[in-house]
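Each chain, written out:
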Amino acid sequence: KAEAGYYSVKLDNNIQAELTTTTRVGFHKYIFPKNEEARIVLQLDHRDKTLESNLKAINNKTIEGFRRSEAWAKDQHIYFVIEFSEAFEEEGTIGTGNEKGIIGPLFSCFSFGKLNNNPLYIKIGVSNVSIEGARKNLKEELPHWDFEKVKSDAKALWNKELSKIEITSTDKNRLTIFYTALYHTMIQPNVAMDVDGMYRGRDNKIYKAEGFTYYSVFSLWDTFRATHPLYTLIDKKRTSDFINTFLAQYEQGGRLPVWELASNETDCMIGYHSVSVIADAMIKGIKGFDYEKAFEASKHSAMLDHLGLDAYKKNGFISMDDEHESVSKTVEYAYDDWCIAQMAKLLNKKSDCDYFMKRSQSWKNMFDTETGFMRAKKNGGWLSPFDPREVNNNYTEGNSWQYSFFVPHDVQGLIEMMGGSLKFEQKLDELFSTSNKTTGREQVDITGLVGQYAHGNEPSHHMAYLYNYVNKPIKTQERVTQLLNEFYKNSPDGLIGNEDCGQMSAWYVLSSMGIYPVCPGKNTYDVGKCIWSNVKINLENGSTIELNPTSKLLNETTVQLIKSPNNTSALSDYKTKNIIPVPIIYANSKMFTDSLLVNIQSNNKQNKIMLSINNTEFKEYVKPFYIYQSSAVSAYTLSNDDKSTTVKASFYKKPNNWNIQLISKYNAQYTAGGNEGLIDGIRGETSWRKGEWQGYQYQNFECIIDLKKETTINYFSSGYLQDTRSWILMPTKVEYYTSSDNINFQLVATVNNTIDAKNYDVIIRNFEAKFANSVKAKYIKVKAYNFGTLPEWHQGAGDQAFIFIDEIELK
């Protein structure tokens, strides 16, 4: 049985377990079978990797300890004080350490004898700071043993929170779905400070929160879209607390959080979407945090040089040569930059507003007007071949269909780029009606497909509302109603995708009320269709907002539910001129044998293209041209007195005339540019997602190289990459063979692997064989043996490892 603030279960061994809680103290109740011994096990090595632990008995009713562990967050600290309602008769402790040699108990068992159906109660005070903090939390929040009172208090607290939105409906099933969804939006972020305000900061030091509550668990890539805009309606105080937490983490960790957990930055997703939450709060006039400090932190996080930002700032886009997930990062950075520009506008910072508004148009450099999709760029041109359904490393948990509509801050600009309102509407229609099959990599997050719209993952969540922007609100209402009805059920599997800290549910809460924020940072909500007889939103200031299907508020395509602050900004009507997208450099490949034809195009044929080859003076490009040597090509678009940023491409003449025959078949996601990629003289880097490595799974690697003539060889080498977290492991061994006729091969060298599979560093190693006495051959065979099945210690245990290879060399 599960309720808000309470859980109970009858265990297989007939023990009745009940759980309830205060903010910082867990309260357990166990009833053991009458004639059986009551025992409680404390397991400190459960789930993630324990780095350090300690446990001691204070008396026969109290124990205390701590655990430091590593998982998603690299350094998690939990301190605890545990009180039992009954004295334990004996204690057994097991555990002398772990693979890092840190000593500490990992497993303890406490025996209480036969309790004759009397409940055993356990109070567990926790803290991220110290045992003393856990003790204070326990003493302050739960000084008694009244389980039913704590359960009742938890229920009352949840009822208070959930009554912030009152729904009128006769459909009890839908009401359950709604309030379950609203409950889900309130599970995270979590209070992460002690009752005295002490908390563990991003730098692992201890601080005291002054005037705000410190929180943890910010799944911002997910929650900036709807969850935080929901909070701006019903949780203004918490919104300011969240932002004050962001600013504390900025001061302690050097940047705003991206995906924070237990005061650790996990960097598991993309963008710097804290700025969306901040801008949305500022535009809606939410107070309680320092606007100037918030702008400083936002600007700082946007001006760093990591995660593709250096290329983005310099070139106006990210190429797959620069960084993986390049399309998604470019368009999401562009939105975040628009958010920063809104802050600058509010604070009268004209130069900052201009700079970030210009950057916010960077999405235009990723939009291919010929196909009508956001496409990855490689070496100055579009990555080919192109399939908008393909899930690959150029997109974050999605494909081009699911990212080609992500311009929430400039929908009108996207409509124009797609060819106008009619073509935009047709493209939306196609999004929902095309085949729901994806190609490329399997991605478990892509669920809830209606055509290529994926409701089970966040990048799609705003798309049904885009019909409003071409004056077709009825289509928005039809699609939203379909999604509400089909993808949210009153059942254990009632969500079509990953909840992601409340985002899936926030979409339901807002959409069922008839509103949704397509662009957080604007003081409007887009209108869909209210499915309730009446909605009453109780605001913190005592006022209310009422919505229903015939509400005057919902007769337009957008509504304003929160008043903007009195805008005295001199920049209130300020706009910046549009950027000019970069030209596209077309060539058949990056590498060539004799000559290569290069063609350059602009998406606007009225613009001039300026060209430079090998750093010569820029001259007007007239027509396609050939290059015969390795060359660097640079180009930009010129329109009147304005120009685009410069796009660059490098082309390499192949350093040999060899041919290669691949016996094994590479994964279509990891091609290194095709067969010749292994002998083109271009070496892959540690960032394998850029596409310069060939990847092989479920097989060994084998190839034959035709040297075209008998050649004297003193040295063999082939390069391999290991990234254990990504299933990529060194081959167990590499063999080199020679032949004169491509039929009879002789083994001339075996190189065994010496890199530990448990080494989680990203490593490149050449498997080299050197000969004092040279060998002669016309054909070379290289065979690398796959690691095979991933072992139990690996997160992908049971699956098969990859071999990643690039560049075979002979001397």
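All figures in this text were calculated on a predicted structure; none of them were measured in a lab. (Residues numbered from 1 in each chain as written. Predicted model: local features only at pLDDT ≥ 70, side-chain atom pairs only at ≥ 80, totals over all residues. Heavy atoms only, no water.)

If you tally the helices and strands in the protein, you get 16 helices and 48 strands. Scaling as 2.2 N^0.38, a compact globule of 811 residues should have a C-alpha radius of gyration of about 28 Å, and the protein matches this with 30 Å. Projecting the C-alpha coordinates of the protein onto the three principal axes gives extents of approximately 90 × 65 × 45 Å. For the protein, the proportion of contacts with a sequence separation of at least 24, taken over those separated by at least 6, is 67%. One way to put it: in the protein the 92 positive side-chain charges average out to a point 3 Å from where the 98 negative ones average out. (Helix = DSSP H or I, 4+ residues; strand = E, 2+ residues; numbered from the N terminus. Rg over C-alpha atoms; globule rule 2.2 N^0.38 Å. Contact = heavy atoms within 4.5 Å. Lys, Arg positive; Asp, Glu negative; His and termini not counted. Charge placed at Lys NZ, Arg CZ, Asp CG, Glu CD.)

With that settled, consider the sheet that holds strand β30 (residues 534-538). Here 3 strands make up an open sheet; going across it, the order is β12-β30-β31 and the pairing antiparallel. The two strands at the open ends of the sheet, each matched to only one other strand, are β12 (165-168) and β31 (544-547). Recorded for the sheet is a direction-independent mean angle of 15° between the axes of neighbouring strands. In terms of strand pairing, β30 meets β31 through 4 bridges, oriented antiparallel. Along β31, the bridge assignment pairs valine 535 with leucine 547. (Pairing = 2+ DSSP bridges. Axes fitted to C-alpha atoms, helices over the stretch in contact; angles between N-to-C directions.)

Tracing the backbone shows proline 143 in the loop between α1 (131-141) and α2 (147-162). Beyond its immediate sequence surroundings of up to four residues, proline 143 is in contact with Lys123 and Leu138.

Ranked by size, the top nonpolar core spans 141 residues in total, and within it Ile165, Phe405, Phe424, Met513, Ile515, Trp532 and Ile600 carry the most contacts. Ranked by residue count, the leading element in this core is helix α10 (residues 326-346), at 11 residues. Residues within four places of phenylalanine 424 in sequence aside, it is in contact with Phe405, Val411, Leu414, Ile415, Met418, Leu466 and Val470. Counting 31 residues, the second largest nonpolar core, distinct from the first, contains Ile660, Ile679, Tyr696 and Phe767. (Core = buried A, V, L, I, M, F, W, Y, C linked by side-chain atoms within 4.5 Å. Buried < 20%, exposed > 50% of the residue type's maximum accessible area, 1.4 Å probe, protein only.)

Our next topic: the pattern of salt bridges. Within this structure, the stated rule accounts for 38 salt bridges. Residue glutamate 692 is joined to lysine 378 by a salt bridge in which the shortest nitrogen-to-oxygen separation is 3.0 Å. Here lysine 378 lies in strand β22 (residues 377-378) and glutamate 692 lies in the loop between β42 (659-662) and β43 (694-697), a separation of 314 residues in the sequence. The exposure classification of glutamate 692 matches that of lysine 378, with both residues buried. Residues aspartate 387 and arginine 389 are paired through a salt bridge, measuring 3.4 Å at the closest nitrogen-oxygen approach. Taking the relative accessible area as the measure of exposure, arginine 389 reaches 28% and is therefore partly exposed. Among the charged side chains, a network of salt bridges with common partners joins Glu161, Lys164, Asp235 and Arg238. (Salt bridge = Lys/Arg side-chain N within 4 Å of Asp/Glu carboxyl O.)

Right, let's get into a nonpolar patch on the surface. A surface patch of nonpolar side chains, amounting to about 340 Å² of accessible area, comprises Leu597, Tyr626 and Tyr628. The residue tyrosine 628 is located in the loop between β38 (625-627) and β39 (631-639) in this model. (Patch = residues over 30% accessible without salt bridge, like charges linked within 9 Å, V, L, I, M, F, W, Y side chains within 5 Å. Areas by Shrake-Rupley, 256 points an atom, 1.4 Å probe, with all protein chains shown as cover.)

Our focus in this paragraph is the confidence of the model for the protein. When the pLDDT values of the protein are averaged, the result is 94; 97% of them are 70 or greater. Below pLDDT 50 for its whole length, residues 98-103 participates in 13 contacts with residues either more than four positions away or in separate chains. (pLDDT = per-residue confidence, 0-100.)

Bringing helix α5 (residues 227-234) into the picture now. With respect to burial, α5 is a largely interior element, 8 of its 8 residues being buried. The set of residues buried in α5 consists of Thr227, His228, Pro229, Leu230, Tyr231, Thr232, Leu233 and Ile234.

An order of β1-β2-β3-β4-β11-β8-β7-β6 is seen for the 8 strands of this open sheet, with the pairing classed as antiparallel. A single partner strand is all that each edge strand has here, and the edge strands are β1 (2-3) and β6 (49-59). In the sheet, strand β8 (residues 76-84) pairs with strand β11 (residues 120-127) via 6 bridges, with the strands oriented antiparallel. Looking across to β11, one finds that phenylalanine 80 is bridged to valine 126. Sheet contacts for α2: β1, β2 (6-10), β3 (16-21), β4 (25-31) and β11; angle to β3, the most-contacted strand, approximately 55°.

A few words now on the packing of aromatic side chains. Summed over all chains, the structure comprises 53 aromatic pairs. Relative to tyrosine 333, the ring of tyrosine 272 has its centre 5.1 Å away and its plane inclined at 20°; by these criteria the two rings are stacked. Of this pair, tyrosine 272 sits in the loop between β19 (264-265) and α7 (274-283) while tyrosine 333 sits in helix α10, placing them 61 residues apart in sequence. Ring geometry for tyrosine 312 and tyrosine 333: centres 5.4 Å apart, planes at 65°, overall edge-to-face. With a gap of 21 residues between them, tyrosine 312 in helix α9 (residues 309-315) and tyrosine 333 in helix α10 connect regions that are remote in the sequence. (Phe/Tyr/Trp six-rings, centres within 6.5 Å; stacked < 30°, edge-to-face > 60°.)

Attention now goes to the side chain of glutamine 452. With respect to the helices and strands, the residue glutamine 452 is situated in the loop between β26 (449-450) and β27 (453-454). Only 2.9 Å separates the side chain of glutamine 452 from the side chain of asparagine 399, close enough to count as a polar contact. If we skip the residues at most four places from it in the chain, glutamine 452 touches Arg389, Asn399, Trp401, Gln402, Leu431, Thr434, Ser435, Asn436, Lys437 and Thr438. (Polar contact = N/O pair within 3.5 Å; in protein donor to acceptor, adjacent residues only side chain to side chain.)

Our next topic: the pairing of β39. Across the 9 residues of β39, 7 count as buried, placing the element largely inside the fold. Here strand β36 (residues 608-613) pairs with β39 via 6 bridges, running antiparallel. Counted as the bridge partner of lysine 608 is leucine 638 from β39. Where β39 lies against strand β41 (residues 647-653), 5 bridges are found, and the strand directions are antiparallel. For alanine 632, the partnering residue across the bridge sits in β41 and is serine 650. Taken together, the 2 bridges between β39 and strand β40 (residues 642-643) define a ladder with antiparallel strand orientation. What sits directly across from serine 639, in β40, is aspartate 642. Here β39 folds back onto β40, and the loop between the two strands holds 2 residues, one of which, asparagine 640, carries a positive phi near 55°.

Let's shift gears to the packing of helix α8 (residues 291-302) against helix α11 (residues 350-359). Taken N-terminus to C-terminus, the directions of α8 and α11 make an angle of 45°; their axes are 13 Å apart at the nearest point. Judged on the interaxial angle alone, α11 and α8 are oblique. In this structure, α8 crosses over α11, and the sense of that crossing is left-handed. Where α8 approaches α11, its residues Phe295, Lys299 and Ala302 are matched on the opposing element by Asp352, Phe356 and Arg359. (Parallel < 35°, antiparallel > 145°, perpendicular 65-115°, else oblique. Left-handed = near helix turned anticlockwise from the far one by under 90°.)

Here 5 bridges tie β2 to β3, and the two strands are oriented antiparallel to one another. Considered in β3, the bridge of lysine 10 is made with glutamine 16. In textbook terms, the turn of a hairpin is the stretch between consecutive antiparallel strands, and for β2 and β3 this stretch comprises 5 residues, one of which, asparagine 14, has a positive phi near 70°. Where β3 lies against β4, 6 bridges are found, and the strand directions are antiparallel. Within β4, the residue paired with threonine 20 across the bridge is phenylalanine 27. Hairpin remark: β3 followed by β4, antiparallel, with 3 residues in the connecting loop.

This next bit is on the packing of helix α6 (residues 236-253) against α8. It is at 10 Å that the axes of α6 and α8 come closest, and there the two elements cross at 55°. The angle between α6 and α8 places the two elements in the oblique class. Once α6 is placed against α8, the crossing between them reads as left-handed. Facing α6, whose interface residues are Leu247, Tyr250 and Glu251, α8 presents Lys293, Ala294, Glu296, Ala297 and His300. Grouping the constituent residues of the contact of α6 with α8 by class yields 4 nonpolar, 1 polar and 3 charged. (Nonpolar A, V, L, I, M, F, W, Y, C, P; charged D, E, K, R; others polar.)

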